[in-house]
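Structure assessment
Chain residues, written in single-letter form:
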Amino acid sequence: MRNKNTQASPFRWMLKRYFFLFVVVTVICFALFPMQGMMRILSTSQTLSRMTEPMEQVQREYYTRQLSQDFIYSPLNLEVLCLLFGGMGYVAAMVLFRHLFSRKQGMMIASLPMTRGKSFLLRLGVYGVWCVAPMVLCMAINPLAVWVKGLGEYFSLTAYLRRAGLSLLINLYGFALGTLSATLFGTIWSAALGSLLMAGSVEVALMIWIRFAATYLHSLFVDQAIRSMLVFSPIYSLYKSFYQPGDYGPWPGLVAAVIFLALAFLAYRKGRPEHAGHTLIQKKLEPLLVAWAAVLGGTAGALALVLYLGREIILYLGLILGALALSLLARMLLDQRIGLHWKQWKIPAAATLVMILALLGLRMDITGFDRYAPTADQLARVRVWPGHESQREMRFEDPESLEATLGWIGQMRQELLADKEKYPFQQSLHRSVEVIFEDQQGREVHRQYMYPVDQEAVLPELRIMAEKYSQQRSEEIPQVGNAYCYGSIPTYGLDTQEFMATFGFFRSNDRFSYLNVKEVREALRQDLQARTFDTLQEPTLLNLYMEGMDEETGTYRYDYSGYNVTAGDQHLLDLILGEEKEKWLDYVRGGFAKSENLRVFLCEFEEKDTKWELKSYQMAEDENQVLEWMSHVDRCEEEIFYRPRDRRYQVRVYSLSNLQDQVGYGTLELDLEDPEVISHLPEYDNVWGSTYTYVKE
Amino acid sequence: MLKTVEIDKSFGGRQVLEGISLELEGGHIFGLLGTNGAGKSTLLRIISGILQADRGEVYLGEQRVFENPAAKAEICYLSDDPTFLHAASIQEMGAFQRAWYPTHDPERLKELCKRFDLPMEEKISGFSKGTQKRVQVCLALARRPQALLCDETFDGLDPVMREAFRKTISEETWDRGMMTILAGHNQQEMEDICDSVGFLHQGRLTTVGDMESVVSGIFRVQFATAEPIPEEELQALHPLRSQRQGRLCVVTLRGDQETALRKIATFGPEFCEALPLTLEEVFILEMEEQGYAQ
């Protein structure tokens, strides 16, 4: 019996023809989802049945995360899984539209009694039935098994659907990308190349251009600019949202997939079968492709030469050569023959000219980017991040703090503009501070300023700010279920054995796992509120981290920034170290200097031909001198932002036991029994020791 | 009726077809002769709805063909290079056709395969090129299309098979009122079975008409006079070709044969005879007139 619906028979025939897609997708998905998921569900079920003690919140969160988010249990990491899901969709598209890569097959399909639009939709239908449906079915088995095994209370459907949905979305993106490539490009290799161009070339080119811009716009905060750009990147948004479901929006990826499919539909309808087998099916796109090749070539050429030679003229030369080379290559690929073809030379020439003008525009700062100077009444708040390494953000809202901050920023801007006049291309070495200006409407302007490390321009405002900010953090302690910390005590030359003998551990978090999170939160709040600039400068003893299911958002949160617990944080130290606290404090506040194991030197340097050379040094005579010197060095991470740098002085600490180890290993050839050698240690460049910058007050 | 109206087509700026208008009634076979690269295949592909014309339109009855599934289902294009699904057998190709063409008749396919000695279960890709052409024609006839477009389909077939297929296609055309277009270079074959013919050169149809009028439109006359006739008088006949051997003249003329003979009679010939030309000779003369290979 023939189906009277004329579309049903072709569809059934196509389903039969492409049945192998179902087999392949099902095998892969079954191996990824139910098979691995079942093992996890069974092991969780067995563990829970053996459990006699009441379960702690943190354990409950662990099992919920395992069953709801980590269902794709696989030896593959998340990046590879992304590639796998996207790759399956991409390959499916290539298989379903492979007739477009052969003139003969293309003609045969075009002769069929069906509009091109319906032919496209039929293939979309086959993708839905043979690729999406088996993925969905495989994903549906896990929750069923969880409920059958009675583990429903450890299962978050929302978390599960987020990650499962993302897997499908990545697959759809791959399919859409493959479909668009197949409909635009007439050979497999050109489609593959085209896919790469469409998937990531814009992001890569923009990233490089942001770097170029930063060589002229000295206040451009590169990392932030790249982050802002990547928010709109389809690939990046899909990857990030797959990696952190719920924390990151996959919308650019979804929008791109829909746009790709819509464009592919149009291209399929308008495509000419006679162009199958050519590099490009849609000939009208040829100028665009040549222009983009010139842009990419110019960008890559400029980057390659600038990285190698680092001079401004090279930037322009690399740009021109790169644009020329890649547009020629594109021309050869389009014509499918090797040789110099200057057809359409005006397009790469125009693209190169635009790029050169863009660089000149950046050089002249025609938008006034570096001169941006808001006033306090225009702003709601200013947020400051003192340095790349620090994750600490300081926020200033009240008029007094705003004025002080803007004054300090104004000084840095002046420094920056002066520096720019001196070095228009590339920045000189400074310590950077990221600033976010936020106006009344919530709009943000990001800038990066620098202050010279060698100048005496200590900024008292910053000290006040640091203190205020630290207190501010007490209001932002995450409401999560787990807290743990690592030992982060400075060794001051103690070796591993000594350290373990003294403190019973060596930078291990075992001792501090499963802290009572409620008590930690309370102690942390009290310590943060009590912090002053002086306590901030105390040595760091511990790194406290908090993570777990966020009670407010219901998502799993890792608070990677953590907290440095200093010798001044009495409440936390009491809670975590208990009776051992005094031993720790005694050690960091001077006890270390009593060690016979240490040899401490104060070194003075002088600058010769842009290099710093050792001028003189002096060995500490006793414990008191060691303590005196060490009181002038940076003892915590933050301090480097609040003190002026002076490269002329250093305190060097050598541990005799470490030196003996080096002699034993054969990496050091010194007679450590010889007092003369010991008193000349700084002269030996290859001798390992701890180096601290000494701050002359 | 199959009709093309002012078809234009170009590839990459090169004009391949220009102003092609054709009409073909049911039950007729049309022969499309052309020089190499004249655009025969392109024209057939446009008629079958595979390619889109830059300008102009193709109609099957009242329906436009391009992007019209109903019309495309009734037209069958046989490429000069047969194309089948990858690794398919005749049976699988039959299933493919059955899914796409409501008029496909599996029994007819079986009968044709039996008649032309084709194994239905074996992979077509393993067949010789000639056998693949046989498969292609059998599959086409099993579809029972209203219009059959053959692009050098009989090339590569042995004489027995050529004759058998020619006969089958002719019968199918006359019995069912099918419209058939045969494109190729075998003028003898076309002369034998085509009702009408068209010459295609550099994308233009230079000659179109029923076979008899095209073949008789150009003829050769040989005559002998007592005295040699002056050259001017001979050229006044506007011959396509002329040849003298003493008193014997052979002229190739276009137009009405009776009128030409009356003019020649004024020379007082001792002997005069009109000789018919073959389609091939007519084609060569037409192409020469177009300046082809001169």
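Along each chain, residues carry numbers from 1 onward, in the same order as the chain's sequence is written. Written order determines the labels here, with chains lettered from A and ligands numbered from 1. With the structure being a predicted model, the display of local features is reserved for residues of pLDDT at least 70 and the display and counting of side-chain atom pairs for 80 or more, all residues being used for whole-chain, interface and lining totals.

Describing the interface of chain A and chain B
- Listed as interface residues are 18 residues of chain A and, on the opposing side, 19 residues of chain B.
- Helix and strand assignments come from DSSP, with helices taken as H or I runs of at least 4 residues and strands as E runs of at least 2, each series counted from the N terminus. It is helix H6 (residues 103-110) of chain A that provides the largest number of residues to the side of chain A that touches chain B, a total of 5 residues. Contact between two residues is assigned whenever their backbone-derived C-beta positions fall within 7 Å.

Looking at the confidence of the model for chain B
- Per-residue confidence for chain B gives a mean pLDDT of 90; residues scoring 70 or more make up 99%.
- ipTM for the predicted complex: 0.87, alongside a pTM of 0.75. The quantity called pLDDT is the predictor's confidence in a given residue, expressed from 0 to 100.

Re the packing of helix H5 (residues 78-96) of chain A against helix H8 (residues 157-184) of chain A
All names here are of chain A.
- Between N-to-C directions, angles span 0 to 180 degrees; the directions come from axes that are lines fitted to C-alpha atoms, helices contributing only their stretch in contact. Two elements in contact, H5 and H8, have axes separated by 7 Å at closest approach and are oriented at 40 degrees. Handedness of the H5/H8 crossing: right-handed. Contacts between H5 and H8 involve Cys82, Phe85, Gly86, Gly87, Met88, Gly89, Tyr90, Ala92, Ala93 and Met94 from the former and Ser167, Ile170, Asn171, Leu172, Tyr173, Gly174, Phe175, Leu177, Gly178, Thr179 and Ala182 from the latter.
- Within the contact of H5 with H8, the residues separate by chemical class into 13 nonpolar, 8 polar and no charged. Take the far helix as the reference: if the near one is turned anticlockwise from it by less than a right angle, the crossing is left-handed, and if turned clockwise, right-handed. Residue polarity is assigned by list, with Asp, Glu, Lys and Arg as charged and Ala, Val, Leu, Ile, Met, Phe, Trp, Tyr, Cys and Pro as nonpolar; anything else, Gly included, falls into the polar class.

Overview of the domain arrangement of chain B
Residues and elements named next belong to chain B.
- Each domain of chain B was delimited in the assignment, giving domain 1 (2-209) and domain 2 (217-289).
- Taking only C-alpha atoms, the centre of domain 1 and the centre of domain 2 are 38 Å apart.
- With 11 residues of domain 1 at the interface, the matching set in domain 2 holds 6 residues.
- Those elements giving two or more residues to the side of domain 1 that touches domain 2 turn out to be helix H7 (187-193), strand S9 (196-201) and strand S10 (204-210).
- Top contributing element to the side of domain 1 that touches domain 2 by residue count: H7, with 4 residues.
- Class assignment of the residues belonging to the side of domain 1 that touches domain 2 gives a composition of 4 nonpolar, 6 polar and 1 charged. An automatic or database domain assignment provides the domain bounds reported here.

Examining the confidence of the model for chain A
All names here are of chain A.
- Of all residues in chain A, 81% have pLDDT values of 70 or greater, and the mean over the chain is 81.
- Model confidence for chain A, summarised as mean pLDDT per element, is weakest for helix H24 (residues 639-642) at 49 and strongest for helix H12 (residues 251-270) at 94.
- For residues 1-7, every residue scores under 50 in pLDDT, and the model assigns this stretch 5 contacts once sequence neighbours within four places are set aside.

Here's the deal with helix H19 (residues 517-530) of chain A
All names here are of chain A.
- Between the first and last residue of a helix there are one fewer steps than residues, each counted as 1.5 Å, and that sum is the expected span. Between its first and last C-alpha, H19 extends 20 Å over 14 residues, near the 20 Å set by a 1.5 Å rise per residue.
- With C-beta atoms placed from the backbone, the exposure class of a residue follows from how many other C-beta atoms lie within 10 Å of its own: 20 or more, buried; 12 or fewer, exposed; in between, partly exposed. Those residues of H19 that fall on the buried side of the exposure criterion are Val517, Val520, Ala523, Leu524, Asp527 and Leu528. The buried side chains of H19 occupy one side of the element, clustering within an arc of 130 degrees when seen end-on. Starting at the helix axis, one direction is taken to each C-beta atom, and the arc is that of these directions.

A look at the packing of helix H3 (residues 34-50) of chain A against helix H7 (residues 116-148) of chain A
Residue and element names in this part refer to chain A.
- Where H3 meets H7, the closest approach of the two axes is 9 Å, and the angle between their N-to-C directions is 15 degrees. Considered as vectors, H3 and H7 are oriented roughly parallel to each other. Two packed elements cross with a definite hand, and for H3 against H7 that hand is right-handed. From H3, Pro34, Gly37, Met38 and Ile41 reach across to H7, where they touch Cys138, Ile141, Asn142, Ala145 and Val146. These descriptions rest on fixed angle ranges, namely under 35 degrees for roughly parallel, over 145 for roughly antiparallel, 65 to 115 for roughly perpendicular, and the rest for oblique.

Structural notes on the environment of A:Leu585
- Looking at the secondary structure, you find A:Leu585 in helix H22 (residues 581-588).
- Each C-alpha atom, one on A:Leu585 and one on A:Ile489, is 9.9 Å from the other, the two residues being 96 residues apart in sequence.

Some details on the pairing of strand S14 (residues 271-276) of chain B
Residues and elements named next belong to chain B.
- When you tally the buried positions in S14, you get 0 out of 6 residues, a small fraction of the element.
- At least two DSSP bridges between two strands are needed for those strands to be called paired. Where strand S11 (residues 218-224) meets S14, 6 bridges bridge the pair, whose relative direction is antiparallel. Bridge pairing in S14 places phenylalanine 219 opposite proline 276.

Overview of the nonpolar core
- What makes a nonpolar core is a set of buried Ala, Val, Leu, Ile, Met, Phe, Trp, Tyr and Cys residues, with links drawn between C-beta atoms within 7 Å. If you look at the biggest cluster of nonpolar residues, it comprises 82 residues, and the most contacted ones within it are B:Cys138, B:Leu149 and B:Ile181.
- When residues of this core are assigned to their parent elements, the largest contribution, 7 residues, is made by helix H5 (residues 129-142) of chain B.
- Contacts of B:Cys138, omitting those with residues within four sequence positions, involve B:Leu109, B:Leu112, B:Cys113, B:Phe116 and B:Leu118.
- Formed by 52 residues, the second largest nonpolar core is a distinct cluster that contains A:Met88, A:Phe97, A:Phe120 and A:Leu172.

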